[in-house]
Every structure is written in C-alpha cells, then in structure tokens.
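Descriptive analysis of the structure
The residues making up each chain are set out below.
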Amino acid sequence: VNTRKHPLAIPPPSEKDWPKDEEDFFLLDPDRERDALPQPFRMINKLVMQVFESAMEIIERREMLREAQKRKVQPEKCFPTAEFQVTERANCLAVSGKYVFVGLSEGLAAFNTCDFKDVCAWDTAKTEICAIQALELGNECHVLLAVDEMGLVWLFCFHKESFLLVKILNEVEDVSHRSTCVEEVLSRGGDYAGILLQGNTKAWLEIYQLPKDSWLTEMEKNAGAAEGLACSEGRSSCLSEHSSQVGTSLLQGPSVSAIQADVELDLPVLLLTVRPPRPITGTSFKGPLDALKEMDDDSMLGLGYNHLIKDSQWELQEAIFCSTYREYLKAEGVTKEEIPRHATFHFLLPSRILMGPEMEVQPDIPVGIGVHWDGNHNFCLYLLNHSLQGKADSDVMPDVVWPCAAPIACSAVSSCSRYLALAGEDATITIWDKHLGYPLSVTAILEERFIRSIHFL
C-alpha cells in the first residue's frame, strides 16, 4: 500500500553531504600530489621531467635556427659540368681564351674548354710547375710564364695545340749565382713581362719586352708551311698504290712535328733592372753647386740621395734621438734597417705624369711601371722607353717619386689604370688620380689594423 502523499523528488544538498577530506580541493597544487609518491618514483619522475624539458629546449632552438636559415638568402649551388682528368698532381692553373693550362708535378698540360679534352702536354724537363701566368695574344697564340720548384721562369708560346719553349729567363751557368722567382706578372696585351727575383742577399726586378708581333708572324708562316706540306704529302700518298694507311700516318706525323721543332722565335729583350733603394748616407758633395749638378729637374721629387747632410750630422741626430726616446727604444727593441727583399709592381697605361711632350704612345700599351718595396715610403714610377738607350743591367733612377707619410703596405691599380690606391702601415688608404697627379680621397681605418691587400671593384 503506497502511503506517500507527495511525489518523489531530489533532496536539496546540504553541508553534511560534502566529503570532509576534500574540502579545499580547488586550492591544492596539482604538483603536490607527486610528493605523496614514494621516493624512487619521485626521483624517476624528476629525471623524466628534466629530460623532457631539455628536449623541448633543443627542439625550440633548432626551430629558431631553421626559421633564421629560411629568412637568409640561399646561395645557388653550382655543380661541375665537366672534369679534367690529370695523371699527376695538379699544383696551379691559368685560363687563357678557350684553353686551361695546368701545372703538374712533372710539366704542363693544356685542356680545351669546348670538348673538355686533353690537348697536349709538355714534360721534357721533368720539372714541377708551381705557378702559371697565361695571356692570349691572338690568332690562337698564347704566352705563358711558368715557375718551377727551383724558382726558374720558363717562357712558353702556345700555338696550334703545342708548347714552344722560348727561353728560361733567369737561367745562369753558375749554380751558385742562381736566383729564384718570387712573383711574375704579364702586362695587359702581352707586350711586357716582369719577374721579381731573389738571390742570396739581394732582390731585384727585371722587366722584359716580349716581341709578340714577330711571334705571331712566325707562327702564321710556319702554320701555312705545315698545312702546305701536309697537303702535298696527302696527294703523294693518294697517288702511291703501294703505301699503306699506317705508313702514310707515320710519314705525316714526323713532318709536322719537325716543322714545329724548327720554329725559332725571337727572344725577349731585357728593358730595365730595378733594385731596391739604397740607404741614405752622408753626402759626398763639397758644396751646393755639386749637388745641383746631379739633379736633372728641380721641379721633381727624388729619393733623397742628393743632399748636403754630412755623416757627422747623421750620427749626431741619431744620438739625440736615442737619448731622448731611450725608454721606448729599450721596451720595443731597436732593429737595424734591412735591405727590402720583396716589391709590388704594376704596369701602367699612358697618363700625363708618365708621358713626355714628344712621346708617341698607344692607349692600350703600358708605358711605365709603378714599384714600391716593403718598408719604403716612396712609390716609384719608371718609364719603359728610356732604358733602351742605356744598359739594362745598370741601376736606373725613377722618373717620378710619390712619397708617403708612412711605409707602403700594399697597392692596387684600377682596371682603367687611372686610379691608384696606396695603403700605408698606419692603416691609411689614399686614392690618387694618376692622370692628374693629385689625391682624390684619404681614408683612415681603425687603429691597430694592418692592411694586407686592397682591390678595386
């Protein structure tokens, strides 16, 4: 019997129904639940969390690096289109026209960039080539300067896929007087060649004039003779019924090579020899008149040799300097002035400074060279025409001297040969207008910097 008077309903909540052990469950820190774990589990949990956090840091760092790398400009990857196979170790190479010349451990090799094949090789002397300078003269004729392991400079003429040795520029009969080549330079157009030589105790610069016009004429003449001889032998071989094809090829090969071996090219001419400046010593003149007689033109600066300072005055000046700066000299140490053994030189095109009033020059042929020796303040300019009248082995004086406040560390000439950049050891760069003869700008680099190289872009 249902005696319920009211319908069934959910009773209202009351505080008595709340669980007393979870009264403040919403205020508790979830991490504190780990403290209730036993000690081994807590240690394992801590180690796992450290590994996870370090892994996340590494992932974030890598993602940041990946995003930064994506924002950078990606360089284009270039893959080789062809390979030149050489049988020996390659030391150096030079490109001239469509040929690549490679210096090997024994001789030279030439490759054609059109079909990427070996054209010819030269290994007669069995010498190792360490440096090459190559330049195209025209009519498939190239001039090469090669320096071997002994410092000898080999002058070659490459024509019709064959090497022709012209001369060894620094060859001497006495081995004790042999000099080694430090640097070799070919002028633009191949009219001149310069080599910097070093002996046992001295160094000097030799400038040669290359007879490229006579070389080209001789090459064309011998090339025509070789073609004519090859054609005549071809006709005779066709008329002969008893000669085989192998015999014909054997006859043709030695004939052409014999013509190439008979080519005699004109030797280069030594124009001038430039030696480092001598230290300035006491005067040998008795009076001012004797000193003025030695000067050709009083409007031009010189190297400072024609002066009236006596040896006693030099000694007195040095004694005063040493006594005044004794503390600094002891701290840094005094080094004696040594003769420079290295120079930097450039072939210079015609300009107002290097052109005389009656000189006939061509705009694309060098008329002079600019030289500066290590540790020297002067940039010296020499003309290439006046030395033909005198002896090339004699010491020549510079035609123009540009003094600098500090020793010259390096130099550069623009492609048009008008602008000259001189960098001093005091980290100062001066840009000169060689045509007008005055400086365009002077730039000082930060202190305690040494400029080793400078280039025009």
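Residues numbered from 1 in each chain as written. Predicted model: local features only at pLDDT ≥ 70, side-chain atom pairs only at ≥ 80, totals over all residues. Heavy atoms only, no water.

- Per an unreviewed UniProt entry, the protein is named WDR93 protein, and its organism is Oreocharis arfaki.

Concerning the overall build of the protein
- From N to C terminus, the protein includes six helices and 20 strands.
- A burial count over the protein gives 34% of its 457 residues as buried.
- Summarising the internal contacts of the protein: among those between residues at least 6 apart in sequence, 51% fall at separations of at least 24.
- Carbon and sulfur atoms make up 55% of the accessible area of the protein, which amounts to about 31,300 Å² in all. (Helix = DSSP H or I, 4+ residues; strand = E, 2+ residues; numbered from the N terminus. Buried < 20%, exposed > 50% of the residue type's maximum accessible area, 1.4 Å probe, protein only. Contact = heavy atoms within 4.5 Å. Areas by Shrake-Rupley, 256 points an atom, 1.4 Å probe, with all protein chains shown as cover.)

Some details on the sheet that holds strand β11 (residues 203-209)
- Strand order in this open sheet of four strands is β9-β10-β11-β12, and the pairing throughout is antiparallel. This sheet does not close on itself; its edge strands, each paired only once, are β9 (180-186) and β12 (269-274). Averaged over all adjacent pairs, the angle separating strand axes in this sheet is 20°, with direction ignored.
- Pairing analysis gives seven bridges linking strand β10 (residues 192-198) to β11, with the strands arranged antiparallel. Bridge assignment links glutamine 198 to a residue of β11, and that residue is alanine 203. (Pairing = 2+ DSSP bridges. Axes fitted to C-alpha atoms, helices over the stretch in contact; angles between N-to-C directions.)

Observations concerning the packing of aromatic side chains
- Applying the stated criterion to the full structure yields 13 aromatic pairs.
- Of the aromatic side chains, those joined through ring pairs into one cluster are Tyr99, Phe101, Trp122, Trp154, Phe156, Phe158 and Phe163.
- Its end group placed over the ring of tryptophan 204, lysine 202 keeps NZ or CZ at 5.8 Å from the ring centre. (Phe/Tyr/Trp six-rings, centres within 6.5 Å; stacked < 30°, edge-to-face > 60°. Lys NZ or Arg CZ within 6 Å of the ring centre and 35° of its normal.)

Section: the environment of lysine 212
- By secondary structure assignment, the location of lysine 212 is in helix α2 (residues 212-239).
- With a relative accessible area of 16%, lysine 212 lands in the buried category.
- For the pair lysine 212 and aspartate 266, spaced 54 residues apart in sequence, the C-alpha separation works out to 8.8 Å.
- Not counting residues within four places of it along the chain, the set of residues in contact with lysine 212 comprises Leu137, Gly189, Gly190 and Asp191.
- A distance of 2.8 Å separates the side chain of lysine 212 from the backbone oxygen of glycine 189, its partner in a polar contact. (Polar contact = N/O pair within 3.5 Å; in protein donor to acceptor, adjacent residues only side chain to side chain.)

So, the pairing of strand β6 (residues 141-148)
- Of all the eight residues making up β6, eight are buried; the element is thus mostly covered by neighbouring parts of the structure.
- Burial along β6 is two-sided: the face carrying Cys141, Val143, Leu145 and Val147 and the face carrying His142, Leu144, Ala146 and Asp148 are both buried.
- For strand β5 (residues 129-138) and β6, the ladder comprises eight bridges, and the chain directions are antiparallel. From the neighbouring strand, isoleucine 129 faces β6, where its bridge partner is aspartate 148.
- Connecting β5 to the next strand, β6, in antiparallel fashion are two residues, including asparagine 139 with a positive phi near 55°.
- Of the strand pairs in this sheet, β6 and strand β7 (residues 153-159) are connected by seven bridges, and their pairing is antiparallel.

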